[in-house]
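Chain by chain, the residues:
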Amino acid sequence: MTLRHFLRDDDLTPAEQKQVLELGMAFREDRQVRQPLAGPRAVAFITDKPTLRTQVSFATGIAELGGFPMVVDGNLAQIGKRESIADTTHVLDRMVSAIVWRTFGDDRIREMAAASGVPVVNALTDGFHPCQILADLLTVAQHRGGVAALPGQVLTYVGDAANNMGNSYLLGGVTAGLHVRVGGPDGYLPDEAIVARAREIAAQTGGSVTVTTDAAEAVAGADVVATDTWVSMGAEAEAEARAQVFLPYQLDAALLAQAKPDAIVLHCLPAYRGKEITAEVIDGPQSVVFDEAENRLHAQKALLTWLLEQR
């Protein structure tokens, strides 16, 4: 068996992603359907950034898998400062069955994975948020007839398309065979390397990639419309300037009306009503954001189970 990590969305092949999502649906039906961490075996959850859903969903999920969630405060551990990433990893991987890290640069989690003898999971980095996209895909499957119904769905993401959510929607969405559209202003569009990689995957799965600066074009006829905060962690000083740039991409009732009448609305939360999304939309009948938040639990349990079974 091969040690596998999950650092970015394309670390899973289309077939493997489908396996994880189908297992996630099984966990939705029966939260104790599998307990690969029974013992209990420990999993380290390290966070260098503020967190609510990520910590709660991983801690709950690890416990429901029969394990012990070892929560580590990254500000106290000071990984990479007080102690090298490699040394920290060598300490942890002798004590735990997997390591989950919510951190800053992608180089940090790649360095940990390179040193680790247990699976390493990206719980959010500056470049990617792959566990969130698994939860989002699970939410679409929940509302659209199952995992088999994902290929061909049109998912639009509007707003800051240069952030980790934009990157992960592109890679994770086309891996599932979705037609992924990303709409954002000039200067806030995805890196060309990510777009090229997404198109490469889409050629295999039947999905597609559209990148545009026209919000209405991005949303037109979409099955799923997603957005995220305009001010990612670390960009707080740019909040006022960003508000002006992103205002045409606000997910309000008028923009949502361009999508299909039964389109569902996603937001990974926390949400700032009146900024990237209006209260009318996020609190309206098409919003499934709290199903989406719950599905972090089921998707991550499925992912951890799958990774542990590869060893």
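Our structure is the block above this text.
Residues numbered from 1 in each chain as written. Predicted model: local features only at pLDDT ≥ 70, side-chain atom pairs only at ≥ 80, totals over all residues. Heavy atoms only, no water.

Q: I keep staring at the packing of aromatic side chains and nothing clicks. Help me out?
A: Think of a pair of aromatic rings as described by two things: how far the centres are apart, and how the planes are tilted against each other in angle. Scanning the entire structure with this criterion turns up 4 aromatic pairs. Pairing Tyr157 with Tyr169 gives two aromatic rings, centres 5.2 Å apart and planes at 35°, and the pair type is tilted. Of the two residues, Tyr157 is situated in strand β5 (residues 154-158) and Tyr169 in helix α7 (residues 164-175); the sequence distance between them amounts to 12 residues. The same class applies to Tyr157 as to Tyr169, namely buried. (Phe/Tyr/Trp six-rings, centres within 6.5 Å; stacked < 30°, edge-to-face > 60°. Helix = DSSP H or I, 4+ residues; strand = E, 2+ residues; numbered from the N terminus. Buried < 20%, exposed > 50% of the residue type's maximum accessible area, 1.4 Å probe, protein only.)

Q: Any chance you could explain the nonpolar core here in plain terms?
A: Nonpolar side chains in soluble globular proteins generally cluster together in the buried interior. Of all hydrophobic cores here, the largest spans 58 residues; its most connected members are Phe58 and Leu150. Here the element with the most residues in this core is helix α6 (residues 130-144); it accounts for 8 residues. Aside from chain neighbours lying at most four places away, what touches Phe58 is Phe45, Val100, Val121, Ala123, Cys131, Gln300 and Leu304. Core analysis: the second largest hydrophobic core is formed by 21 residues, Val154, Val158, Ile277 and Val289 among them. (Core = buried A, V, L, I, M, F, W, Y, C linked by side-chain atoms within 4.5 Å. Contact = heavy atoms within 4.5 Å.)

Q: Sorry, what's going on with unusual backbone geometry here?
A: What is expected of a backbone is that most residues other than glycine have negative phi and most peptide bonds are trans. Cis geometry marks the peptide bond from Gly39 to Pro40; its omega dihedral reads 0°. As for its position among the elements, Pro40 is in the loop between α1 (14-29) and β1 (42-47). That bond from Leu269 to Pro270 is cis: its omega, 0°, falls within 30 degrees of zero. For Pro270, the position within the fold is in the loop between β9 (264-267) and α12 (279-282). Positive phi values are uncommon outside glycine, yet Leu269 reaches one of about 65°. Overall, the relative accessible area of 14% leaves Leu269 in the buried class.

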